[in-house]
Every structure is written in structure tokens, then in C-alpha cells.
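Structural overview for review
Spelled out, the chains give:
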Amino acid sequence: MIKAVRGTRDLLPPETALWNFVEGVVRDVFRAYNFQEIRTPIFEETELFARGVGEETDIVSKEMYTWFDRGDDPESILKWAWWGQYGVKYSSVEGRISSNGQFAFVAHADDETTIVAPKIAPGFSTVIALRDIRSRWVAEHGLPMPKLAIAVPFSNANSLSIQNDVEIIPTRMPHEYERPQSITLRPENTAGVVRAYIEHKLWDRGLNKLYYIGPQFRRERPQKGRYRQFYQIGAEIIGPATAGSESPARDAELLEMLATLLNRLGITEWTLELNSIGSPSDRASFNEALRKALEPVVANMCADCQRRAVTNPLRVLDCKVPADQPIIEKLPRITQFLSDASRTHFGAVCEILSKVGVPFTLNDRLVRGLDYYTRTAFEFTHGTLGAQNAILGGGRYDGLSEALGGPAAPGIGFAIGEDRLVMSLKAETSAEASARAPIVYIAPLGAGMNAEAAQLARELRHDEKLTQSGPVELGDENFRLKKSFETADKLGARYALIVGENEVKSGSFALKNLKTGQQFSVARADLAQKILEQP
């Protein structure tokens, strides 16, 4: 039997009713705040996430689903690279795929073996891929330890800066060489929204408040509320500074909207944690202080923290390993490095939130996991989710548009993990969402009654007031009356409407209240009104 792939799941009724309820409330709230929907592709060029999210983040270096758009079999890629006729010569070459989906070659010569990657994917991700393939190759074949190399055209060789254990091989590429396109399933949606903002010049259309609902993809360890295909609800305020997108008022407006949304969904026991991670220059000073503070202690921390201490020290603060927390607690704090401008901006955000009555908690250890964040950072948490208790998070990203080749466009946004949001809903919200059981079950009774029942169902389904109270379900003439009643009861229908030959001739139908057992005879023209009048 073929089952769903690990880390994915089927959303089935009645749970999908709850999802539809959530998304309906989301659309209503966002509409009230003048946000408009955007739908971007679920896959983008890999470079978008490498530049936007950050090559050294866990997402880009370990979790993305990435492939080459054409000829992704090793033989085809070997033809593109033109090994043997151009560049370095080896006696044999075999293709290997890394665990994060990138491609490289294990090239064998008489005196050495080199793992070589064409410069297709982003630099840091390529290094991660090379090291991964080397470790697996050594485990499979043993020593000698292969060298690592990246092949690039001669014209680009001097401009490439790579880690010190990787060699650069300048390679002659033929004129007809066509670079294969590296494609990635989107692991998050902010970069895609900003890409669309730049590509379509949305600032010219006055579009600066956008929201999305859709699936994202990350290859991480599945756990409660976390899947490899997961769903996010997000919104972005982005635009020229002249349009007010840089104002702390936009930060506060977004946070107040989220408080309204959670309350309307019935999630009332939430906590808003707030911090400022400063401007890029503030973070540079903070990162340097973190590096120095980590040097004597990082050897005692987890493997992820040891790597992050080199590549992105700020991410050490996001570590959840219990044994590392006493060390993290003694590290410098971002509040010590904020500039006056950053302090003023953050103070204004807090002042507005206090004025509108949105409670918050300051948390100077709160950071966001993606490189593009600046200044305001926030998370909403909920106690029912356990240790991993974040429902949603976000922050300001004032330099992301420029990093992607666009104009200056300060922005702030958030993403809600919809899977975890649904888990957080209270029982009464779930009951409200699943209250879409059929209001009436039409039971054809006897041969030839399917057509009559279908006609009657069409009339009732076209009554807007009736269908707002619940759907109309249609039975089958082959069912005995007892089975029709049992089916209606199983579906949770409020009424059963009997359509038999006598009823059709008289124009009056038997309507039975399945909860009380009462039965009425109702004229065809009065059916919808009578159903709505009944308790």
C-alpha cells in the first residue's frame, strides 16, 4: 500500500472544516485592515532564498528541497560541465547528490580523488553539499580523503570567496554551455512576496499591504505540529519609506491586527514577546561581541551552536538545547548595542501597543532565524503547544528588497504556522467550525424519486438564507426509509425531508426533526422558511 510521504499528511473532514473556519476569519480580519491577497509560485530560483533568507541559515544549508530544472540525471549534468574536453582532466567521473539535494561529481585521477561542484548553486550551500558528499563517500569507500573543489568559468574565478578547505578550479566553458537552473520548493514566503513586489513594481500600483495562505516545504525532523509540507498564513507591509512603511506605527498596526485575529479565533491565552534586534550596524557590533564571548565556551555547546558561532553567532541565542541555556544566559544582550535610532523606533512601537491595549512582554533574547530581519522582532506563543510553543513570528526587514536587487523598500511581516494555529484553537472554536453539518437530508422514497429529490434539493440549495445555516444533503431512492434516517443521523443532519410519490403528487412533504422526533407536513413553497423557523 502506498502511503503519504514521511513528514506530510492528509487533512480530512471534519478537520478541514476547522481549517476553512480559520482561513475565513483570517480573510475577514485582513480585509478590515486593507490587506490584499497575493499568490506566488510554490517554487522559485534557489538564489532567491540564498540571498534573501541567508546561505548560512539552517533552512538554506540543510532543509531546502532543491533540484536542477533540466537534465537532473548525472549523465546530463556531466555533459553540461564538459569534463575531459575543458578544464581539469580525470580518468573517471561519477555523479553524486548531497543530502540537501545539490549535485556534485566525484572525479577520480590516478593520484587523487576530488569532489567537484559546478558553480550553479549558491556558494555556502555548495560547500555544505561538498562536505556532505565527502563524509558519505569516505564512510562508503574509506581513505584517502577527497579534496573539495568548485569549478567556475575563468571570468568569475577571482571574484569567488569560499571556505579555506575548498579549492577553486577555473574552467573553460564552451559557448553553447547552458547553466541549468537550480529550483527550490519555497521554505518560506516572504522572499517570494518581495521578489514579486520588485518584479511587478507594486509600489507603482500602491500595493503595500499583502497577505498569503499556502504550503511551504522544509526537510526537517517531523514532530507534533511540524511537518515537511506545512502551511503558513502571512502578511507583509512593504513599500517606499515615503509611504510610511518604515514607521513604528506600521509595526504596531501589524501586531494589533494579530492580537485581534487570535482573539477572534478564540485563542485568548496568548503571549506576545517583543524585542529589537537593531539595525545592521547594531547587529554587526553585537555579533562581534558574541563571537568573542563564545570563543572560550562554545566547545561545551551543541554541534549546531559550534557551527553557528562561526557562521551566524546571533542564531546561538535561538538554541533550545537545555544544557546550553546556562551558557547562553551569560552572553551579551542586544539591548547593550542598540543605537539611539533603534531605541527610539522600538520605544515608539511599545508606546502605541500600550495605548491600544495590546499586552506584551519584552524578551531581549528573542531573535529571528532568518538573515533579513532588522529592528522589531516578535513571537506570539501559546501554552497548549508545549516546549515549542510559538504560534507565529515575524519582524522588520528593511534591507531585503535591496538584497534582492530591488529599490529601498522597508518592510515588516509575519508568518503563522497554520498547523500549530489549528492545534491551539479552543474546543468552542472547533465546535463552531464543525457546525456545518447538513441542515436537511433529503430522502427519496421509491423508484423514480431520485429526479424529484434532486429538483427539490436544487430549490433549497438556491435559498441563500437556508444554505447559510447549513448544507443540503441528498440521499438515494435505493435506501429504505430506516437507512435514510440512519444516514442522516450519522451526518449530523438536523432534519430529514421525505420525497415519495404521494408527497410529489400532493405538493406537501414530510419534514422530520431528527433530534426531537417531531414530524410536520409542509407545502413545497414553505419548506425553506419552515426549516429555518424550527429550533
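For the structure, see preceding data.
Since we're looking at a predicted model, the values are computed, not measured. (Residues numbered from 1 in each chain as written. Predicted model: local features only at pLDDT ≥ 70, side-chain atom pairs only at ≥ 80, totals over all residues. Heavy atoms only, no water.)

Of the regular secondary structure elements, the protein holds 19 helices and 21 strands. Considering the protein as a whole, with its 535 residues, one finds that 49% of them fall into the buried category. Within the protein, residue pairs in contact and separated by at least 24 positions form 68% of the contacts whose partners lie at least 6 positions apart. Total accessible area computed for the protein in this model is approximately 25600 Å², and 50% of it derives from carbon and sulfur atoms. (Helix = DSSP H or I, 4+ residues; strand = E, 2+ residues; numbered from the N terminus. Buried < 20%, exposed > 50% of the residue type's maximum accessible area, 1.4 Å probe, protein only. Contact = heavy atoms within 4.5 Å. Areas by Shrake-Rupley, 256 points an atom, 1.4 Å probe, with all protein chains shown as cover.)

Looking now at the sheet that holds strand β21 (residues 519–523). Strands sit in the order β18-β17-β19-β20-β21 across an open sheet of five strands; the sheet is mixed. A single partner strand is all that each edge strand has here, and the edge strands are β18 (472–474) and β21. The sheet shows a mean angle of 25 degrees between the axes of neighbouring strands, taken without regard to direction. As paired elements, strand β17 (residues 440–445) and strand β19 (residues 495–500) share six bridges and run parallel to each other. Bridge pairing in β19 places Leu445 opposite Gly500. Set on the sheet, helix α15 (residues 449–461) makes contact with β17, β18, β19 and β20 (508–513); between it and β17 the angle comes to about 160 degrees. Strands in contact with helix α17 (residues 481–491) are β17, β18, β19 and β20; relative to β17, the strand with the most contacts, it is inclined by about 165 degrees. (Pairing = 2+ DSSP bridges. Axes fitted to C-alpha atoms, helices over the stretch in contact; angles between N-to-C directions.)

Bringing the pattern of salt bridges into the picture now. Evaluated as defined, the whole model comprises 17 salt bridges. Note that Arg195 and Glu199 form a salt bridge whose closest N and O atoms lie 2.9 Å from each other. In this pair, Arg195 and Glu199 are both assigned in helix α6 (residues 190–199), four residues apart and thus about one turn of the helix distant. Two residues, Glu253 and Arg250, come together in a salt bridge whose shortest N-O distance is 3.1 Å. On the criterion of helical spacing, the pair formed by Glu253 and Arg250 is a turn pair, its members being three residues apart in helix α7 (residues 248–265). (Salt bridge = Lys/Arg side-chain N within 4 Å of Asp/Glu carboxyl O.)

Relative to the helices and strands, Leu262 resides in helix α7. Overall, Leu262 belongs to the buried group, its relative accessible area being 0%. The spacing of Leu262 and Val26 is 236 residues in sequence and 9.3 Å in space, taken between C-alpha atoms. When near neighbours in sequence (up to four residues on either side) are disregarded, Leu262 contacts Ile267, Trp270, Phe380, Leu392 and Leu421.

The next thing to look at is unusual backbone geometry. A negative phi holds for most residues other than glycine; trans holds for most peptide bonds. Note the cis peptide between Pro13 and Pro14, where omega equals 5 degrees. Of note, Pro14 is situated in the segment before α1 (15–32). In this structure, Lys201 is a non-glycine residue whose phi angle is positive, near 50 degrees. Tracing the chain through its elements places Lys201 in the loop between α6 and β10 (209–217). Take Lys201: its relative accessible area is 47%, and that puts it in the partly exposed class. In this structure, Arg375 takes a positive phi of about 50 degrees despite not being glycine. With respect to the element layout, Arg375 can be found in strand β14 (residues 374–382).

Let's shift gears to the pairing of strand β15 (residues 390–396). For β15, the buried fraction is high: six of the seven residues fall into the buried class. Sheet topology places β14 next to β15; six bridges connect them, and they run antiparallel. Paired with Phe378 across the strands is Gly394, a residue of β15. For β15 and strand β16 (residues 411–417), the ladder comprises five bridges, and the chain directions are antiparallel. Paired with Leu392 across the strands is Ile416, a residue of β16.

The next subject is the packing of α1 against α7. Contact geometry for α1 and α7: axes closest at 10 Å, N-to-C directions at 145 degrees. Crossing handedness for the pair α1 and α7: right-handed. Contact residues: Phe21, Val22, Val25, Val26, Val29 and Phe30 in α1; Met257, Leu261, Arg264 and Leu265 in α7. Its residues assigned to classes, the contact of α1 with α7 shows nine nonpolar, no polar and one charged. (Left-handed = near helix turned anticlockwise from the far one by under 90°. Nonpolar A, V, L, I, M, F, W, Y, C, P; charged D, E, K, R; others polar.)

Looking at where Ser342 falls in the secondary structure, it is placed in helix α11 (residues 340–356). With relative accessibility at 2%, the residue Ser342 sits in the buried group. Look past the residues within four positions of Ser342 in its chain and what remains in contact with it is Ser276, Gly278, Ser279 and Asp282.

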